[in-house]
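# Survey of secondary and tertiary structure
Chain by chain, the residues run as shown.
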Amino acid sequence: MRREVILPLFVLSFFAVDLVPTAHSIWLNLPPSGTKCVSEEIQGNVVVLGDYVVVADQSHAPTISVKVTSPYGNNLHLSENVTHGQFAFTTTEAGNYLACFWLTDLKHEAGVEISVNLDWRTGIAAKDWESVARKEKIEGVELELRKLEGAVEAIHENLLYLKDREADMRTVSERTNARVAWYSIMSLGVCIVASIFQIWYLKRFFQKKKLI
């Protein structure tokens, strides 16, 4: 491969790593009572994978419950009294997806927090590249190029999503500005009418009192 081809691919891979969503490993400390939640804004038609496990010093790991909901409140995953598990789904709507964890082990020692490790992967990071490599019999540079191709497609989809969001926000902003302008005009009109009425009332009052 020529140098002038390698350099653009290197630059492209560098920006792809920064722009494409990758796997996030999150540590959560669950209080004895209450709920801890994590959320991520995800566009539609994106694969999401999550693995979670309770990390405890003692031999008996306390159990937790896990609930994953969509931006409109639809339940995507619910597990109760578990120490580990995973969830997988494809988003059907854009917005903030929420994963909540809470302690359900009543025998757990009071006042001690529980740690939960959550491996959250979306988009290109959730794709099983080992299966793709085995199925299509590719490896090495060709496999890396396939990953870059997937990263470019994910970047393109993210840019289109951001463009749509920007258009929606611009529409809302213009609509709000128009409503504020009409409200200002109406307020000014009401003030003018009230001032005219007040002058007319005071003029009649002074005329009755024969002050003018």
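Here the structure is a predicted model, which is why all the values come from computation and not from measurement. (Residues numbered from 1 in each chain as written. Predicted model: local features only at pLDDT ≥ 70, side-chain atom pairs only at ≥ 80, totals over all residues. Heavy atoms only, no water.)

## Focus: the state of the cysteines
If you walk through the whole model with that rule in mind, you get one disulfide. The side chain of Cys 37 participates in a disulfide bridge whose partner is Cys 100; the two sulfur atoms lie 2.1 Å from each other. In this structure the cystine formed by Cys 37 and Cys 100 twists about its S-S bond by roughly 105°; its chirality is therefore right-handed. Residue Cys 37 is found in strand E2 (residues 35-42), and its partner Cys 100 is found in strand E7 (residues 95-103); the two are separated by 63 residues along the sequence. We classify Cys 37 as partly exposed; its relative accessible area is 39%. Using a relative accessible area of 12% as the deciding quantity, one classes Cys 100 as buried. (Disulfide = S-S within 2.5 Å. Helix = DSSP H or I, 4+ residues; strand = E, 2+ residues; numbered from the N terminus. Buried < 20%, exposed > 50% of the residue type's maximum accessible area, 1.4 Å probe, protein only.)

## Some remarks on the packing of aromatic side chains
Tallied over the entire structure, the rule returns seven aromatic pairs. Centroid distance Phe 89 to Tyr 97: 5.8 Å. Interplanar angle 25°. Geometry classified as stacked. When sorted by exposure, Phe 89 lands in the same class as Tyr 97, which is buried. Each member of the aromatic cluster is reached from another via a ring pair, and the members are Tyr 52, Phe 87, Phe 89, Tyr 97, Phe 101 and Trp 120. (Phe/Tyr/Trp six-rings, centres within 6.5 Å; stacked < 30°, edge-to-face > 60°.)

## Overview of the pattern of salt bridges
Tallied over the entire structure, the rule returns four salt bridges. When the shortest N-O distance is used, the salt bridge between Arg 170 and Glu 166 registers 2.7 Å. Here the residue Arg 170 and the residue Glu 166 both occupy positions in helix H3 (residues 141-208), the gap between them amounting to four residues, near one helical turn. Judged by its relative accessible area of 41%, Arg 170 is partly exposed. (Salt bridge = Lys/Arg side-chain N within 4 Å of Asp/Glu carboxyl O.)

## Here we look at unusual backbone geometry
Note on backbone geometry: most residues besides glycine have negative phi, and most peptide bonds are trans. Phi angles above zero are rare outside glycine, and Asn 45 is one such case at about 60°. Mapped onto the elements, Asn 45 comes out in the loop between E2 and strand E3 (47-55). Phi angles above zero are rare outside glycine, and Asn 81 is one such case at about 55°. Among the secondary structure elements, Asn 81 is positioned in strand E5 (residues 75-82). Overall, the relative accessible area of 51% leaves Asn 81 in the exposed class.

## Some points on the sheet that holds strand E4 (residues 64-69)
Within the open sheet, the four strands sit side by side as E2-E7-E4-E5. Their pairing is antiparallel. Each edge of the sheet is formed by a strand with only one pairing partner; in this case those strands are E2 and E5. Strand after strand, the sheet turns through a mean of 10° between neighbouring axes, direction not considered. Examined bridge by bridge, E4 and E5 share five bridges and lie antiparallel to one another. Counterpart to Val 66 in the pairing with E5 is Ser 79. (Pairing = 2+ DSSP bridges. Axes fitted to C-alpha atoms, helices over the stretch in contact; angles between N-to-C directions.)

## Some thoughts on the side chain of His 77
Here His 77 shows up in strand E5. A polar contact is formed between the side chain of His 77 and the side chain of Ser 79, at a distance of 3.1 Å. Not counting residues up to four positions away in its chain, the partners in contact with His 77 are Tyr 52, Val 66, Lys 67, Val 68, Gln 86 and Phe 87. (Polar contact = N/O pair within 3.5 Å; in protein donor to acceptor, adjacent residues only side chain to side chain. Contact = heavy atoms within 4.5 Å.)

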